[in-house]
Amino acid sequence: MTTVATPKAPDTRAAATRRPGRPRRNLVLHLVVVILMVIWAVPTVGLLVSSFRPQSELSTSGWWTAFAPPYQFTMENYRDVFQQSGIGEAFVNSLFIAIPATIIPLFVAAFAAYAFSWMEFPGRDVLFVVVVGLLVVPLQTTLIPVLKLFAEWGITGQFLAVWLAHTGYGLPFAVYLLRNFMGSLPRAVFESAFMDGASHVTAFFRLAVPMSVPAFAALAIFQFLFVWNDLLVALIYIGLANSDNLPMTAAIANLVNSLGGGWYLLGAAAFVSMALPLAVFFGLQRYFVRGIVGGAVKG
């Protein structure tokens, strides 16, 4: 008599004991993320609410009391900000500073990243380590030497000085980010292009750049936000003597005088300054996601 081995039923008890733990861990993780988001957002919400409150209310009560009747919201703070002399000119100056100071490092870093990734030359790895090592150099240690150099060139107080300074400060991180991204691109694609007779220029513009759109978008966001929110570099290389060329960060700082007057306008001025960076962030984020999904190449 032969016996037929019956397959063993899966042990559902072990699976049943493991399954309840995962939802619990996910719930705890989601709660922690939500709590961190709330903690991060509370100061911003408070600043936004305060920007719509009159000065008398700001001086006597906290921003959370604005949600209790009687409601007292006003647009006078924003009106006063736009009526301040120099705010409009400072906004235009910030554009003249931020746009070139974002585009120039992108172009220079893109060529350097391609060279470090796909071109062979003596000392390539050592030079890349030196460039990345510049990330640890404090910005403040370069202010006096670079300022003396710009003074010899006669460009202090001009936009060109700030463009060059932000290009130098942003290049190490830009080269590091783009080199890591370009170096991870499919090697077979470039080898096929070189076998077909493509030069490095053709491979750069037709292969590396289109496939690196996500990295370009991320880097553009980082660099633009850094330059737009910068105050120190603009004050050092433009100077208070050339107030006509100072960016919006300097104009916002000047809203508060030596006696503390005008402090209630800082909230409204901060959100006026945040409008363009938010638009840039959300606009490039769309292209960032599109580049990840549509620009991927299988090697």
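Note: the structure precedes this text.
None of the values given here were measured: they were computed from a predicted structure. Throughout, residues of each chain are indexed from 1 in the direction in which the sequence is written. At least 70 in pLDDT is required for a residue's local features to be given in this predicted model, at least 80 for side-chain atom pairs to be given and counted, and no such filter applies to totals for whole chains, interfaces and linings, which use all residues. As a rule here, side-chain values cover all heavy atoms of the structure and leave hydrogens and water aside.

(A) Region of interest: empty space enclosed by the protein. Lining residues are defined by having an atom within 4 Å of a point belonging to a cavity or pocket. Those points lie on a 1 Å grid over the protein atoms alone, cavities being sets where a 1.4 Å probe fits but cannot get out and pockets being open sets with protein on both sides within 12 Å along at least five of seven lines. Grid points are joined across faces, edges and corners, and a volume is the space filled by probe spheres set on the points. Counted according to the given criterion, the structure contains 1 cavity of 30 Å³ or more. Each pocket or cavity is described by its volume, and for the largest cavity that value is around 50 Å³. Helix and strand assignments follow DSSP, with helices taken as H or I runs no shorter than four residues and strands as E runs no shorter than two, numbered in order from the N terminus. Within the residue set of the lining of the largest cavity, elements represented by two or more residues are helix 5 (87–118), helix 8 (159–183) and helix 11 (213–228). All amino acids are sorted into three groups, where Ala, Val, Leu, Ile, Met, Phe, Trp, Tyr, Cys and Pro are nonpolar, Asp, Glu, Lys and Arg are charged, and the leftover types, Gly among them, are polar. When grouped by side-chain class, the residues that make up the lining of the largest cavity number 7 nonpolar, 3 polar and 1 charged.

(B) Seen up close, the pattern of salt bridges. Every case where a carboxyl oxygen of Asp or Glu lies within 4 Å of a side-chain nitrogen of Lys or Arg is listed as a salt bridge. Under the criterion given, the structure shown has 4 salt bridges. Of the charged contacts, one joins R124 and D125 as a salt bridge, the two residues approaching to 3.6 Å between their closest N and O atoms. A residue is classified by how much of its surface remains accessible, and R124, at 15% relative accessible area, is buried. For the exposure calls, accessible area comes from a 1.4 Å probe over protein chains only, and a residue counts as buried if that area is under 20% of its type's maximum, exposed if over 50%, partly exposed in between.

(C) Spatial organisation of helix 11. In this model helix 11 runs 22 Å from its N-terminal to its C-terminal C-alpha over 16 residues, within 8% of the 22 Å that 1.5 Å per residue would give. Most of helix 11 sits out of view: 12 of its 16 residues are buried. Among the residues of helix 11, P214, A215, F216, A217, A218, L219, A220, I221, Q223, F224, V227 and W228 are the ones counted as buried. By this rule, a helix spans an expected 1.5 Å times one less than how many residues it contains.

(D) Region of interest: the layout of surface pockets. Volume-wise, the largest pocket comes out at about 480 Å³. Along the wall of the largest pocket there are 22 residues; nearest its centre are G168, Y169, G170, L171 and P172. Counting residues per element, the ones that place at least two in the lining of the largest pocket are helix 7 (143–153), helix 8 and helix 11. Broken down by element, the residue count for the lining of the largest pocket peaks at 8 residues, all from helix 8. Class assignment for the residues of the lining of the largest pocket results in 18 nonpolar, 4 polar and no charged.

(E) Here's a closer look at the packing of helix 8 against helix 11. The axes are straight lines fitted to the C-alpha atoms, using for helices just the contacting stretch, and the angles between their N-to-C directions are given from 0 to 180°. One way to put it is that helix 8 packs onto helix 11 with a least axis distance of 10 Å and a crossing angle of 160°. Here helix 8 is positioned roughly antiparallel relative to helix 11, judged by the angle of their axes. The two elements helix 8 and helix 11 meet at a crossing, and its hand is right-handed. Of helix 11, the residues touching helix 8 (which contributes H166, G170, F173, A174, L177, L178, F181 and M182) are P214, A215, F216, L219, F222, Q223, F226 and V227. Tallied by class, the residues present in the contact of helix 8 with helix 11 amount to 13 nonpolar, 3 polar and no charged. Working definition: roughly parallel below 35 degrees, roughly antiparallel above 145 degrees, roughly perpendicular at 65 to 115 degrees, and oblique for all remaining angles. Crossings are sorted by hand: turned counterclockwise from the far helix by less than a right angle, the near helix makes the crossing left-handed, and turned clockwise it makes it right-handed. Contact between two residues is taken to exist if any of their heavy atoms lie within 4.5 Å; hydrogens are not considered.

(F) Here's a closer look at the side chain of T74. Note on placement: T74 falls in the loop between helix 3 (55–60) and helix 4 (76–83). Distance and chemistry together define a polar contact, namely a pair of N or O atoms within 3.5 Å, with one atom able to donate a hydrogen and the other to accept it when in protein, and with adjacent residues in sequence counting only for side-chain atoms on both sides. Looking at T74, its side chain comes within polar contact range of the main-chain nitrogen of E76, at 3.1 Å. Setting aside residues no more than four positions away along its own chain, T74 makes contact with S51, F52, R53 and P54.

(G) The packing of aromatic side chains, seen in detail. Pairing of aromatic side chains requires ring centres within 6.5 Å, counting the rings of Phe and Tyr and the six-membered ring of Trp. Pairs whose planes differ by under 30 degrees are stacked, by over 60 edge-to-face, and all others tilted. Applying the stated criterion to the full structure yields 18 aromatic pairs. With a centroid separation of 6.5 Å and 45° between ring planes, the pair formed by Y114 and F190 is classed as tilted. Of the two residues, Y114 sits in helix 5 while F190 sits in helix 9 (residues 187–195), which places them 76 residues apart along the sequence. Accessibility classification places Y114 together with F190 in one group, the buried group. Clustering of aromatic rings is evident, with ring pairs tying together F111, Y114, W118, F190, F204 and F205. Placement of a positive charge over a ring is assigned whenever Lys NZ or Arg CZ falls within 6 Å of the ring centre and within 35 degrees of the normal to the ring plane. Over the ring of F128 we find R179; its NZ or CZ atom is 4.6 Å from the centre of that ring.

(H) Structural context of a nonpolar patch on the surface. On the surface, I99, I103, I104, F107, V108, F111, V201 and F205 cluster together to form a nonpolar patch covering roughly 730 Å² of accessible area. Taken together, the elements giving at least two residues each to the nonpolar patch come down to helix 5 and helix 10 (200–211). As for its position among the elements, F205 is in helix 10. Each patch groups residues whose relative accessible area exceeds 30% and which form no salt bridge, using 9 Å between like charges and 5 Å between nonpolar side chains of Val, Leu, Ile, Met, Phe, Trp and Tyr. With residues, only the protein chains shown are counted as cover, and all accessible areas are computed by Shrake-Rupley using a 1.4 Å probe.

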